[in-house]
Amino acid sequence: MTKITDYIEAPLNGISQAAHQVRRKDTAEDTLNALVEVPEGFRKRPPLEFIGTIMASGLTPANTLQGVLIEGPSEGTADDVYLILNRNPDDSVTALLRSYDTLGAISLTVTPAAQSYLDSSAPAPVRDTRLLTVEDYTFIANRKVPIAAHPDSIATRPFEAIVWVKLSDYSRKYVLTIDGITVTYVAPEGNASDDADDIDTSQIMDRMLNGGTVTPNGSVTPSGGIGSALTSAGFTWSRSGSLLFLSRATDYAITVEDGIGGTAMVALKGSTPRPSDLPVYAPDGFTIRITGAAGSNNDDYWIAFEADPPGSVTGVYREVPEPGANKGVDPASLPIGLVFDQDTSTWTLDTLPWLERQTGNADIAPSPLTFGDFIQSVGWFRGRLRLLTSGEVLYTGADSPFRLFPSTLLTATDSDPIQLINPSARRSFFREGATFDQRDVLMGTASQAVVSCEGPFRLAAARIDELASYPYRGGTPLLPAGDNIHFLSKKGAFYGGLYELSINGPLQRTQAEDLTAGLPRRLPLDMDRGASLKDSYLSLYAKTGEASLYAHVYRYAGQDRIQSGFFPFQVPTGYQVVNILAPQSESATVMDVWLLDPAGNVVVTRMDFSPMLRDSATSQVLTTLDLRVTEADCDVAYDEDNDRTGIQLPYVTTENGPVQVSRRGDPENEGLLAEIQAVTDTGYVIVNGDWSATEFYAGLVYDAYWTLSRIHHRDPQSQKPLYDGGAFGLRHLVFDCGPSSFLSFEVTASKRPTVTYELPPSAFSEVPLFEGPFAVPMGDTTDKLTIRVRNASHLQGTVLGFTFVGEHNLRSMGV
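Everything numeric here is computed off the predicted structure, so don't read it as measured data.

Analysis parameters
- Residues numbered from 1 in each chain as written.
- Predicted model: local features only at pLDDT ≥ 70, side-chain atom pairs only at ≥ 80, totals over all residues.
- Heavy atoms only, no water.
- Phe/Tyr/Trp six-rings, centres within 6.5 Å; stacked < 30°, edge-to-face > 60°.
- Helix = DSSP H or I, 4+ residues; strand = E, 2+ residues; numbered from the N terminus.
- Buried < 20%, exposed > 50% of the residue type's maximum accessible area, 1.4 Å probe, protein only.
- Arc of directions from axis to C-beta.
- Salt bridge = Lys/Arg side-chain N within 4 Å of Asp/Glu carboxyl O.
- Core = buried A, V, L, I, M, F, W, Y, C linked by side-chain atoms within 4.5 Å.
- Pairing = 2+ DSSP bridges.
- Axes fitted to C-alpha atoms, helices over the stretch in contact; angles between N-to-C directions.
- Polar contact = N/O pair within 3.5 Å; in protein donor to acceptor, adjacent residues only side chain to side chain.

## Overview of the packing of aromatic side chains
What characterises a pair of aromatic rings is the spacing of the ring centres plus the angle enclosed by the ring planes.
At step 1: As enumerated under the stated definition, the model contains 20 aromatic pairs in all.
At step 2: Here the aromatic rings of Trp354 and Phe402 are separated by 5.4 Å at their centres, their planes lie at 85°, and the arrangement is edge-to-face. A residue pair is termed long-range when its members are at least 10 positions apart, and Trp354 in the loop between strand 26 (346–351) and strand 27 (377–381) and Phe402 in the loop between strand 29 (392–395) and strand 30 (418–421) qualify at 48 residues. The two residues Trp354 and Phe402 agree in class, both being buried.

## Comments concerning unusual backbone geometry
At step 1: Put simply, Asp308 and Pro309 share a cis peptide bond, and its omega is 0°.
At step 2: You can see Pro309 is positioned in the loop between strand 23 (301–307) and strand 24 (315–320).
At step 3: A positive phi angle, close to 50°, is found at Glu135, a residue other than glycine.
At step 4: In this structure, Glu135 sits in the loop between strand 11 (129–134) and strand 12 (137–142).
At step 5: A positive phi angle, close to 50°, is found at Arg382, a residue other than glycine.
At step 6: Examined against the element boundaries, Arg382 turns out to sit in the loop between strand 27 and strand 28 (384–388).
At step 7: Since its relative accessible area comes to 26%, Arg382 is described here as partly exposed.

## Digging into helix 1 (residues 112–119)
At step 1: All buried positions along helix 1 are accounted for by Ala114, Tyr117 and Leu118. Burial along helix 1 is one-sided: seen end-on, the buried residues are contained in an arc of 100°.
At step 2: Immediately downstream of helix 1, the backbone of Ser121 shows phi near 65°, a positive value.

## Topic: the pattern of salt bridges
At step 1: This structure, assessed with the given rule, holds 21 salt bridges.
At step 2: The residue Asp440 makes a salt bridge to Arg386 at a minimum N-O spacing of 2.9 Å. Separated by 54 residues along the polypeptide, Asp440 in strand 32 (residues 440–444) and Arg386 in strand 28 bring together distant segments of the chain.
At step 3: The residue Arg403 makes a salt bridge to Asp416 at a minimum N-O spacing of 3.3 Å. Of this pair, Arg403 sits in the loop between strand 29 and strand 30 while Asp416 sits in the loop between strand 29 and strand 30, and the two are 13 residues apart along the sequence.
At step 4: A residue is classified by how much of its surface remains accessible, and Arg403, at 2% relative accessible area, is buried.
At step 5: Taken together, the shared-partner salt bridges connect Arg130, Arg143 and Glu432 into one network.

## Description of the nonpolar core
At step 1: Grouped together as the largest cluster of nonpolar side chains are 49 residues, with contacts concentrated most on Leu540, Leu549, Phe569, Met591, Phe609 and Phe735.
At step 2: Per-element accounting of this core gives the leading share, five residues, to strand 56 (residues 727–737).
At step 3: Ile140, Val145, Trp347 and Leu369 belong to the second largest nonpolar core, which has 38 residues in total.

## Brief notes about the sheet that holds strand 34 (residues 462–468)
At step 1: What the four strands build is an open sheet, ordered 31-32-33-34; its pairing is antiparallel. Sheet topology places strand 31 (430–435) and strand 34 at the edges, where each strand pairs with a single neighbour. Between one strand axis and the next, the sheet turns through 25° on average, direction left out of account.

## Observations regarding helix 4 (residues 201–210)
At step 1: Most of helix 4 sits out of view: seven of its 10 residues are buried.
At step 2: Of the positions making up helix 4, those classed as buried are Thr201, Ile204, Met205, Asp206, Arg207, Met208 and Leu209.
At step 3: Where helix 4 begins, one side-chain oxygen reaches toward the backbone nitrogen of Ser202, 3.0 Å away; that side chain belongs to Asp200.
At step 4: One or two positions beyond helix 4, positive phi appears at Gly211, with a value near 85°.

Below is the structure:
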């Protein structure tokens, strides 16, 4: 007879449904409503603390509801709020605001344009909308609205021109022809003392327009000038010194001759290759195309004169888009925004101030977003708003999240928007993005790309590279996890899986690691909800309309992951998950889970992953409550005369059953309170006792269990049974348990009935099993001994590990 003793810590690596020959000893075979972590061991999931009703009954099905938590300004001028989108039976979408603290309604103004965007193509908010909060804006993208060209064009200008007499000299001949109307001016030879007046450039322009003679040998033909002829031909014109400004609604030709190659008199109409030909002032708004500009990103650009102050002849030339060019992208096809006005303390949902094209035209400065494509998601990376479509990613201007186009074509500025194209040669379409400090990961249906930049994030240095090639189902949450990204994807026809893609550091991979390889039947397809706690390395996932949550715990020591566990949670009977939200602060420990209750109300519940028990410094009742009961519902009164304490609390709160009350502090009497004195007509239970110095725990019962890995007497190297025959007899178990443990242990040997051992708090250190029929034949690898630790109470009992002691009895063999 060989005695066998082994200590097994609480499983560090979650659940594994792999064959026992290859499954690690530190994994559980099955769990429900349990978390297994290195510091805490095995414990029940945090209770669902009922916060309140966020939306009343009579709503549409839960799978159309979307929401986001908006954290208020640091100045405290606005509370944290929930923004909720809900699809109505008529396919319209309602936007609502609720206070984060009270869940009460907050007034919200929705403009007709924003409402039209929300309703476009009848989106289902969960699947078809993406929300992002950045400082004062919450961006809302409707994934079913196609990107469209702007319906309007830049205002056109009349056919305008400037004629400038730049230089003069004696005997110089100037010929100006406008729409067939010609005037010739010949300057005098300079023989007379007053000839200098007749070669003044202003005088030359005046004589050509208004006529007059020049003697003895200068001339103006016709003698009356061409001013009146221009007026008769439909021109609007004016003169300012040596400049002629003219315009007409219809086109015309204009030519000049000066005898020295156009350097003495120039005509500027439509375009010019030399910006130096432009006079220092012009009519306000005068626009001209500059062609063949050396050293520019594009050969052509347009400039316009801007009078400063308005109405004056002084000003500057500024680069502008081509008159008549399309204004760019239709703002009605771009995300809308929720904005809080701190001056008036009002919330408005409206279209955003997307900037129009600022330079060039559709050929020279094309739209950075493909018309007909759809905004798949919105994000924020290194100070820029990210707009992701199926084929490209656009990072808006660094100076404004609403600038889609470059501000100039003369040079590339560091603040210009950055457009990058999907680098994959595969047929892969971008669907989601996840942002790290220095890298932006874009998830495609068949490949993943990473955007990075050395130094400031600018067009000249930004790059996009294919990172990995993995099938990804768009629409599922992407959650950063340290230097990795976790995403959900399809693994088969009926189940899904969680994958980890390393982004930074030496572990960067080109393929994702399957974190759920050992539990193929655990995850439903198309989980669409997810949130993570930054400090605790814990993520929570769900599928809208289902009754289960899935927690993933991951812990690292440097670059080494020491734990990665996946654990299913159930919500109370009759409830469905509709959303999961987590605050964005680094120290947050709570997650808000929105549930649809049996009556059709959307309620907010909270899971706090930090404490083992909810505690209150002032309350005599410590609650570990699931869903409906809060400490405010418990009324504790101490009768000083009789030295007795009375507790009144709701009896039945959900379909899960009655509230349990237990006490701690007196080792001889702690345990579940059985002396329930009365149940009132209003559904309250009243208990009384001489427990003035005792702590009470009140809560709802929900079941949690942890099925240990099968116990086999195996060789550590080969993992094969040490003996071909005989039997393994389990003698006793020793469990390391935390406080408040009301546990039971179900022990099942192969092909034998299950034996259950109750474990009250007064005896949670050791479970003797001598009386159990636990002999396990070792000759068959399918034989097993399974131990399930079960917590069917209202308390958060813990198990840190266990020691099993058994004997291996060899079977004698005849020779």
